[in-house]
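Spelled out, the chains give:
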Amino acid sequence: MEENTELNPEDNNSQETITRVGGMYKDWFLDYASYVILERAVPAIEDGFKPVQRRIMHSLKELDDGRYNKVANIVGHTMQYHPHGDASIADAMVQIGQKDLLIDTQGNWGNILTGDSAAASRYIEARISKFGMEVVYSPKITDWQLSYDGRKKEPINLPVKFPLLLAQGAEGIAVGLSTKVLPHNFVELIEGSIKHLKGKKFTLYPDFPTAGIMDVSNYNDGLRGGKIRVRAKISQYDKNTLVISEIPYGTNTSSLIDSILKANDKGKIKIKKIEDNTAADVEILVHLPPGISPDKTIDALYAFTACESSISPLACVIEDNKPLFIGVTEMLRRSTDKTLQLLKQELEIQLHELEEQWHFASLERIFIEKRIYRDIEEEETWEGVIKAIDKGLQPHIKHLKRAITEEDIVRLTEIRIKRISKFDIDKAQQKIDALEADIAQVKHHLEHLVDFAIDYFTKLKTTYGKGRERKTEIRIFDDIEASKVVIRNTKLYVNRKEGFIGTSLKKDEYVGDCSDIDDIIVFTATGKMMVTKVDTKTFIGKDIIHAAVFKKKDKRTIYNLIYKDGKGGATYVKRFFVASITRDKEYDLTNGKPGSFVHYFSANPNGEAEVVTVFLRQVGSIKKLKWDLDFSGINIKGRTSKGNIVSKYAVKRIELKEKGVSTLKPRKIWFDDTVQRLNVDGRGELLGAFKGEDRLLIINQDGVAKTVVPELTMHFESNMIVLEKWNPEKPVSAIYYNGEKELYYIKRFLIETEGKEESFIPEDSNSRLEIVSTDWRPLADIEFTKERGKDRKPNLEVDVEEFISIKGINAIGNQLTKEKVNQISLLEPLPFEEPEEENPIDMDALDNESEDSKAKDDDGPTLFDVE
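Predicted model only: the values in this text are computed from it and were never measured.

**Focus: the overall build of the protein chain**
Counting its secondary structure elements, the protein chain contains 17 helices and 50 strands. By the compact-globule yardstick of 29 Å for 867 residues, the protein chain is too spread out, its C-alpha radius of gyration being 41 Å. Considered along the principal axes of its C-alpha atoms, the protein chain spans approximately 155 × 120 × 45 Å. Scored against the burial criterion, the 867 residues of the protein chain give a buried share of 48%. In the protein chain, the proportion of contacts linking residues at least 24 apart, taken out of those at least 6 apart, comes to 67%. Entry remark: accessible area of the protein chain is about 45800 Å², with carbon and sulfur atoms responsible for 46%. Put simply, the protein chain has 126 plus and 143 minus side-chain charges, and the middle of one group is 4 Å from the middle of the other.

Now the structure itself:
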């Protein structure tokens, strides 16, 4: 550092020293960054605490007397150790308390579900929980340091014998780095520690106090670059109401409702109103307007609101005063190994203390039993007393495990006369024997330290694991395409002649409803096609003949086209689909010759094939000037195909003669149990090939049956037990327990009302469905309860078809048996030759079919007269 001294020109009598400060702050930023990383934001791997949390737990122990303390008092006490204000301490303490693990709370500590904050620290109280007392503290093996002002001692790390960091989670933003360790399940962490101690592999996934659903496919062990997706649990309350019963981690009911209202305001979803009935459990009712699909709204809530979010974990901890990036499995291994060492230290200290107790108890017995205390009666000095006792003990101490010290002899002199006079040799020996047994047990634990640690973790699980089962359901999510579930809240218009399309052309022709994220497919009279994003006004090309919302990967919408191939060229017919495109690129559906134009065009959302009449111009000696053309005879190909020749002669006009029916083959539909969704991509179990009128049969464990039109957007409840293609002629067989009559009944019935949800067992709380079968001729095996002192009755085999005839769905059925039933199970059904069904050929793939497929994509075929 340079110094420069010069005189002040204004005052010759004074002299100022100017100091250059350029180097004074060159290390300040690094010092500050290090302090924030090490002392504030990132937890230590040794005990899982940030410094403020460690100081709070230390203060709680110092104040602990078994009763609750005001949080304000605890905060004030913690300030002796923490160099920051009371607000940061109070906030950190509330966060620990809300995790319901280390602190036993009393009063209003806030609500993680609703986002309500805790009451002021002077109103709420706390004490250490029993679990916290057991796993966090052990003063004899704790290393201490001076507090920031040197007045007090505080722990460097607390001897935590549990993977606390993984149980509570941690989040912090430091200078240049951050940490985000997600909370994990209490029981699963203990089980993981036990597996590690046994040398087995284990896997850890987060578990959140807000419950919800989670996809951990990309968790990556909690390391940088990993990601999990969390969702609210949404179910259908009735046809116009959805209920949110669990919320994703990182949200609360207030923020969740706000996000839903914003999505509604933007037109992404459409809702009528929201009710928040959350108390101890989450209950948000989302009321839908009439005509809005609940299934599509559920998907839309995941796509456009906080009902689904992504969380990127980043497992960063402090080890030896340095940041360390490790995965959660390695974190648990290190925590378990640390717990093993702490347990070993505690056992070694316990062994030393027991051996000291045994040593002094043995000395005491010798001192009193051999009346050595009488040897000091004649001694006049303290040194003489010590020597006399030492001399008296020497013949009797060969069995002792260590040498006698002067401190031992001093303790013997402190024994009271009353204790000597009432000394019981038998009781003294019993005490020594008990100490020897305890010493042997502790030595056994040290020799079998891993087994001792496993027993320790097992005890923690047994004592504190009840009620701490996994809350967050792990499931693989299906990907939701926003364009498929967004509410179409904008109107689309077209100016056919000038070639413009957009949402601002309100004086022109109305095409249909769309959303601001949709793509639009447009065809012109010259045989050009383009797909473009919805906008206020877009020029496509003059003489637009068709415009509609474009559905990607859609092979069910078939376009029927007849076009003239250039001036003087032949007329061609083609059928094609448009599954994929490059946006804003112009495609030519003709052969590209100058003068090509479209004679006839129709868009058919379900592959309809109409019949048209072709009229030729009277030119030369043409004999046949009129004939019918059936599009069902034309093969469906890609858009680049040239097509088939209609005529080499000039076509005058083409007229629609007869509307067509769908020529598409039935759809094969599969059910993917992993994501609980239908698909047409061959994933999961094949449900069958479905025509337009076919339905699915769904039966749940509550004894409710319904038939539904299969849509790929459908959601299924977790208690579903039957999902299959519905055959109206096929009976359903059910055995149920009638709670009112306390007997088992059997019934067979047909589903007669399409689309209606019907219960086929009594609705009282004691009735329950035992088995249900959709086989034509099911067999049931009835196992009876064994009566005391009697042999079990042989099983009863029931041919359901023979036992009971088909009755109405509301019939009570026939009594199965009066005997007490232990178990009912289904056997292999009797053979039955099912009526033959048309075996469809493999059909075209379909990526999107829902209510959109029923929408009017076109006003009908487009006709052109050629003059």
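**What about the sheet that holds strand S47 (residues 796-799)?**
Pairing is antiparallel across the open sheet formed by three strands, whose spatial order is S47-S46-S49. Only two strands of the sheet have a single neighbouring strand rather than two, namely S47 and strand S49 (821-827). On average, each strand axis in the sheet is inclined to that of its neighbour by 25°, with strand direction left out of account. With four bridges connecting them, strand S46 (residues 779-784) and S47 associate as antiparallel partners. By the bridge assignment, Asp781 is partnered in S47 with Glu797.

**Overview of the nonpolar core**
Ranked by internal contacts, the top residues of the largest apolar core, which has 95 residues, are Leu102, Phe131 and Phe162. Among the elements that line this core, the one with the most residues is helix H10 (residues 328-369), at 15 residues. Not counting residues within four places of it along the chain, the set of residues in contact with Phe131 comprises Leu101, Leu102, Phe162, Leu164, Phe186, Leu460 and Tyr464. Listed in part, the 26 residues of the second largest apolar core include Leu242, Leu256, Val282 and Ala300.

**What about the sheet that holds strand S23 (residues 519-524)?**
In spatial order, the strands read S26-S23-S24-S29; together these four strands make up an open sheet with antiparallel pairing. At either margin of the open sheet sits one strand with a lone partner, and together these are strand S26 (544-550) and strand S29 (587-588). Where S23 and S26 come together, six bridges link them in antiparallel fashion. Residue pairing across strands places Thr524 opposite Ile544, the latter belonging to S26.

**Re the side chain of Thr571**
Its location among the elements puts Thr571 in strand S28 (residues 571-577). The class for Thr571 is buried, based on a relative accessible area of 0%. Residue contacts for Thr571: discarding those within four places in its chain leaves Ile562, Tyr563, Lys564, His599, Asn644, Ile645, Val646, Ser647, Tyr649 and Val651.

**Comments concerning the packing of H10 against helix H14 (residues 425-447)**
Across the interface, H10 lies against H14 with an axial gap of 9 Å and an inter-helix angle of 160°. As far as their axial angle goes, H14 and H10 are roughly antiparallel. Seen along the crossing, H10 lies across H14 with a hand that is left-handed. The class makeup of the residues in the contact of H10 with H14 is 11 nonpolar, five polar and eight charged.

**Brief notes about unusual backbone geometry**
Its identity is not glycine, yet Asp100 carries a phi of approximately 55°, on the positive side. By the element assignment, Asp100 lies in the loop between helix H4 (86-98) and strand S4 (103-106). Phi is positive for Arg371, close to 55°, though the residue is something other than glycine. Inspection of the secondary structure assignment puts Arg371 in the loop between H10 and helix H11 (382-393).

**Quick look at the packing of helix H2 (residues 51-63) against helix H3 (residues 71-78)**
Where H2 meets H3, the axes come as close as 9 Å, and the angle between the chain directions of the two elements is 110°. Viewed along their axes, H2 and H3 adopt a mutual orientation that is roughly perpendicular. Both H2 and H3 take part in a crossing whose hand is right-handed. Contacts between H2 and H3 pair Arg55, Ile56, Ser59, Leu60, Glu62 and Leu63 from the former with Asn73, Ile74, His77 and Thr78 from the latter. Residues belonging to the contact of H2 with H3 are distributed by class as follows: four nonpolar, four polar and two charged.

Procedures and definitions
Residues numbered from 1 in each chain as written. Predicted model: local features only at pLDDT ≥ 70, side-chain atom pairs only at ≥ 80, totals over all residues. Heavy atoms only, no water. Helix = DSSP H or I, 4+ residues; strand = E, 2+ residues; numbered from the N terminus. Rg over C-alpha atoms; globule rule 2.2 N^0.38 Å. Buried < 20%, exposed > 50% of the residue type's maximum accessible area, 1.4 Å probe, protein only. Contact = heavy atoms within 4.5 Å. Areas by Shrake-Rupley, 256 points an atom, 1.4 Å probe, with all protein chains shown as cover. Lys, Arg positive; Asp, Glu negative; His and termini not counted. Charge placed at Lys NZ, Arg CZ, Asp CG, Glu CD. Pairing = 2+ DSSP bridges. Axes fitted to C-alpha atoms, helices over the stretch in contact; angles between N-to-C directions. Core = buried A, V, L, I, M, F, W, Y, C linked by side-chain atoms within 4.5 Å. Parallel < 35°, antiparallel > 145°, perpendicular 65-115°, else oblique. Left-handed = near helix turned anticlockwise from the far one by under 90°. Nonpolar A, V, L, I, M, F, W, Y, C, P; charged D, E, K, R; others polar.

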